[in-house]
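This is what each chain is made of:
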Amino acid sequence: MITNLLVANRGEIARRVFRTCRELGIATTAVHSDPDAGAPHVREADAAVRLPGAAPADTYLRADLIVRAALAAGADAVHPGYGFLSESADFARAVLDAGLLWIGPPPAAIAAMGSKTAAKELMAAAGVPVLGALTEPTEADLPLLVKAAAGGGGRGMRVVRSLADLPGELAAARAEAAKAFGSDEVFCERYLPAGRHVEVQLLADAHGTVWAVGDRDCSLQRRHQKVIEEAPAPGLPAEVRAGLHAAARDAARTIGYTGAGTAEFLLTGDGRFFFLEMNTRLQVEHPVTEAVTGLDLVALQLAVAEGDALAPEPPAPGGHAIEARLYAEDPAKDWQPATGTLHRLELTLPYQEFTGAGAGAGAGTGTGTATGRGTGLRLDSGVEAGSGITPHYDAMLAKVIAWAPTRAAAARRLADALARARIHGPATNRDLLVRALRHPAFLAAELHTGFLAEHAAELTAPDSKGADRAALAAALADAAGRRGALPSGWRNLPSQPQLKRYRAEDGTETAVRYRLTRAGLLAEDHPDVELVEAAPDRVVLSEDGLRRTYRVARYGDRVHVDTPAGGTVLTALPRFPAPTVRTEPGALLAPMPGTVVRVLAAVGDTVTAGQPLLVLEAMKMEHRVAAPADGTLVELRATPGRQVETGTLLAVVQPIEA
């Protein structure tokens, strides 16, 4: 039996595994890079081992250091989590060779699924439908999807709509894949933008039992990474669902699989499905399956690794669960990642978690009975107030999961929880998540992998009225904080109005002009708004008889204003703007902190507006930085490997004179 478990990972998945270990009475060991020394997962573990360095390649991707850490800490088992080394057959072998228990499938099974091209060939031979790789694509095959053979998560993936673009995109995908997965193998297949991404949760023991533990829809994606997932996949005909489950079980049996894994499929509008890949690990979105079954999938992973037998059948799902991934990024700015200090992350409504029975319902019981299903909301996060969000790791801050008896009720519950959440710090995709969950097309289950792109204008449109009222509340809260009970600007006689200026996240500026008199608030731009109450952290306004409460928090010049309908982030501007720093026309500044990985142009080149000039890597993703105008590239300060901060001058394009 396992007595001490090392999790070879970080963040929320490490905390998730530790939670189950505490329920089972298993001691825990964490590993951490230098930036993660004070992270929550390190503090929650019984012991922690430092992996010197900051970059993943020097820390969480060093199999030798992790095995050495497990032995030094007295661990007898290793859980890989997801990402990093979780799908490395070599790492699994190293763990086993060190005499440790590996919480995952056999290395041979990992290796069989390690290359998507080889996996497709294997599955096709087993009779599982596959979307074949294209060795010599033609115009008739367009659009194409270039994919890394050795990994996923959106890295090494490119959509190609013209054969002329294919060589460049292949080269870019190879470079990104080599950096992320240690292999530059890529392949092409047809891109079906209206397809659905549907997957089947698998669990298999060493005694021949293979469970298909329900299915999930993960179609809402950006940059080929999942954003919203749900279980069960809505709207599937019974025969399609049965076919997906059978194909997934066949895939697992073909490679002698044990443990938890996921078979991923592309589902077309006419009900056909094609095998994409098999993830030989626990998935990020596993909580939605736990929510509808009551199972603890981590507990079941441990039980299977210890040799326990599964019940003949898994529990039937009940109700519906939806998960939203909260990312530190700005969807309105091409999903640009955000860094900085996370000052606050809290759900403002009470919530209960709904993980299943601690020992893993259905393991070794012979019944498959589930408990603990469907009690509301769940928050899985690797960060907390005060955490630093750095460019070293994935941009995901947290996952919020809701269960309800019906899909519509789960969507409503999750959207409301996200809207009411207080999230202070870097920009996030919270507003997009709320709007997507409330979108008529989503509620009608009109799902496909291009959903977010198709509805981008609606999902990212600025809320000008909300920002306007938030600015007024911020100004009044600031006044209350400066003068105590008597707000700043109060006069016995009429006077000039007080003036405060704010800039919203979309760049628009708002000037708030108001007077506070014996008659109350006189706001020049809001004549119908009445002030009911003002405190440094809380303002109540009434408009046309309708009261609204605004909760205000300030961090330097950043102001967060929260209401039950959502949050607004403002930057307080000086009353008299300082002279701006002059920037040379055509200057190209770094939009985010990151590392230059490729330079795509040279000094003297003629470039066009929007043409990619270089590529930055931040938060495990590559971001193209484009020319700001038509002209000539006259200065280039970017070199591969250079680390830059936001605002660093990268290049200068001399615009073409009119």
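Coordinates for the structure precede this section.
Residues numbered from 1 in each chain as written. Predicted model: local features only at pLDDT ≥ 70, side-chain atom pairs only at ≥ 80, totals over all residues. Heavy atoms only, no water.

**Structural notes on the packing of aromatic side chains**
Okay, step 1: In this structure the tally under the stated criterion is five aromatic pairs.
Okay, step 2: Summarising the aromatic geometry, the rings of F91 and W102 are spaced 5.6 Å apart at their centres and angled 90° between planes, so their arrangement reads as edge-to-face. Linking F91 in helix α4 (residues 89-97) with W102 in strand β5 (residues 101-102), this pair joins segments that are eleven residues apart in sequence.
Okay, step 3: Judged by its relative accessible area of 5%, W102 falls in the buried class.
Okay, step 4: A ring pair is formed by F265 and F275, whose centres lie 6.1 Å apart and whose planes are at 80°; its orientation type is edge-to-face. Residue F265 is found in strand β12 (residues 259-267), and its partner F275 is found in strand β13 (residues 273-279); the two are separated by ten residues along the sequence.
Okay, step 5: Its end group placed over the ring of Y393, R10 keeps NZ or CZ at 3.9 Å from the ring centre.
Okay, step 6: The ring of Y327 carries R222 above its face, with NZ or CZ at 4.2 Å from the centroid. (Phe/Tyr/Trp six-rings, centres within 6.5 Å; stacked < 30°, edge-to-face > 60°. Helix = DSSP H or I, 4+ residues; strand = E, 2+ residues; numbered from the N terminus. Buried < 20%, exposed > 50% of the residue type's maximum accessible area, 1.4 Å probe, protein only. Lys NZ or Arg CZ within 6 Å of the ring centre and 35° of its normal.)

**A look at the nonpolar core**
Okay, step 1: Counting 72 residues, the largest nonpolar core has L5, I228 and F442 as the members making the most contacts within it.
Okay, step 2: Broken down by element, the residue count for this core peaks at seven residues, all from helix α11 (residues 407-420).
Okay, step 3: If sequence neighbours within four positions are ignored, I228 has contacts with D217, C218, S219, L220, I322, E323, A324, L433, A436, L437 and F442.
Okay, step 4: One finds V210, I255, F265 and F273 within the second-largest nonpolar core, a separate group that totals 27 residues. (Core = buried A, V, L, I, M, F, W, Y, C linked by side-chain atoms within 4.5 Å. Contact = heavy atoms within 4.5 Å.)

**Things to note about empty space enclosed by the protein**
Empty space among the atoms becomes visible once a probe the size of a water molecule is rolled across them.
Okay, step 1: Applying the stated criterion across every chain, the model contains three cavities of 30 Å³ or more.
Okay, step 2: The computed volume of the largest cavity comes to approximately 80 Å³.
Okay, step 3: R222, E329, A395, M619 and M621 are the residues nearest the centre of the largest cavity, which is lined by 13 residues in total.
Okay, step 4: In the lining of the largest cavity, the residues fall into seven nonpolar, two polar and four charged. (1 Å grid on protein atoms, 1.4 Å probe; cavity = no way out; pocket = protein on both sides within 12 Å on 5 of 7 lines; lining within 4 Å. Points joined across faces, edges and corners; volume = space filled by probe spheres on them. Nonpolar A, V, L, I, M, F, W, Y, C, P; charged D, E, K, R; others polar.)

**Quick word on the sheet that holds strand β36 (residues 631-636)**
Okay, step 1: Ordered by their spatial adjacency, four strands build an open sheet running β31-β38-β36-β33, and the pairing between neighbours is antiparallel. Each edge of the open sheet carries a strand with a single partner, namely β31 (587-589) and β33 (606-607).
Okay, step 2: Alignment of β31 against strand β38 (residues 649-655), held across three bridges, turns out to be antiparallel. By the bridge assignment, L588 is partnered in β38 with A651. (Pairing = 2+ DSSP bridges.)

**Comments concerning the packing of helix α3 (residues 63-73) against α4**
Okay, step 1: The N-to-C vectors of α3 and α4 enclose an angle of 30°; their axes lie 10 Å apart at closest approach. By the angle class used here, α3 and α4 are roughly parallel. α3 and α4 meet at a crossing whose hand is right-handed. Residues A63, I66 and V67 of α3 form the contact with α4, whose participating residues are F91, A94 and V95.
Okay, step 2: Residue composition of the contact of α3 with α4, grouped by class: six nonpolar, no polar and no charged. (Axes fitted to C-alpha atoms, helices over the stretch in contact; angles between N-to-C directions. Parallel < 35°, antiparallel > 145°, perpendicular 65-115°, else oblique. Left-handed = near helix turned anticlockwise from the far one by under 90°.)

**Points about the pairing of strand β25 (residues 520-523)**
Okay, step 1: Sheet analysis places strand β24 (residues 509-517) next to β25, joined by four bridges and oriented antiparallel. Considered in β25, the bridge of L516 is made with L521.
Okay, step 2: The antiparallel hairpin formed by β24 and β25 contains two residues in its connecting segment.

**Examining the environment of A126**
Okay, step 1: Among the structural elements, A126 can be located in the loop between α6 (116-125) and β6 (144-148).
Okay, step 2: What makes A126 partly exposed here is its relative accessible area of 35%.
Okay, step 3: Separated by 314 residues in the primary sequence, A126 and P440 place their C-alpha atoms 40 Å from one another.

**Looking at the environment of I26**
Okay, step 1: For I26, the location among the structural elements is in the loop between α1 (11-24) and β2 (27-32).
Okay, step 2: Counting along the chain gives 23 residues from I26 to T3, while the straight-line C-alpha distance between them is 5.1 Å.
Okay, step 3: Non-local contacts of I26, meaning those with residues more than four positions away in its chain, are made with I2, T3, N4, L5, C21, D46 and L302.

**As for the pattern of salt bridges**
Okay, step 1: For the structure on display, the rule yields 46 salt bridges.
Okay, step 2: Put simply, E12 and K399 hold a salt bridge, and the shortest N to O gap is 3.3 Å. One end of the pair, E12, is in helix α1; the other, K399, is in strand β21 (residues 396-404), with 387 residues separating them in the sequence.
Okay, step 3: On the basis of relative accessibility, which here comes to 7%, the residue E12 falls in the buried class.
Okay, step 4: Its relative accessible area of 0% is what places K399 among the buried residues.
Okay, step 5: Residues E290 and R378 are paired through a salt bridge, measuring 2.8 Å at the closest nitrogen-oxygen approach. (Salt bridge = Lys/Arg side-chain N within 4 Å of Asp/Glu carboxyl O.)

**Regarding the packing of helix α5 (residues 107-114) against α6**
Okay, step 1: Relative to each other, α5 and α6 sit at 100°, their axes nearing to 6 Å. Here α5 lies roughly perpendicular to α6, going by the angle between them. Two secondary-structure elements touch here, α5 through A112, M113 and G114 and α6 through K116, A119, L122 and M123.
Okay, step 2: Along the lines of polarity and charge, the residues of the contact of α5 with α6 split into five nonpolar, one polar and one charged.

**What to know about the layout of surface pockets**
Okay, step 1: Each pocket or cavity is described by its volume, and for the second largest pocket that value is around 1,300 Å³.
Okay, step 2: Mapped by element, the contributors of at least two residues to the lining of the second largest pocket are α12 (430-438), α15 (456-460), α16 (464-483), β27 (538-543), β28 (546-555), β29 (558-563) and β30 (566-573).
Okay, step 3: The element best represented in the lining of the second largest pocket is α16, accounting for seven residues.
Okay, step 4: Here the lining of the second largest pocket is composed, by residue class, of 21 nonpolar, 14 polar and 15 charged.

**Side note on the sheet that holds strand β34 (residues 612-618)**
Okay, step 1: Here we have four strands laid out as an open sheet, ordered β35-β34-β32-β37, and antiparallel in their pairing. With partners counted over all chains shown, the strands left at the sheet margins are β35 (621-626) and β37 (643-644), one partner each.
Okay, step 2: Looking at chain direction, strand β32 (residues 594-599) and β37 are connected through two bridges and run antiparallel. Along β37, the bridge assignment pairs T595 with Q643.

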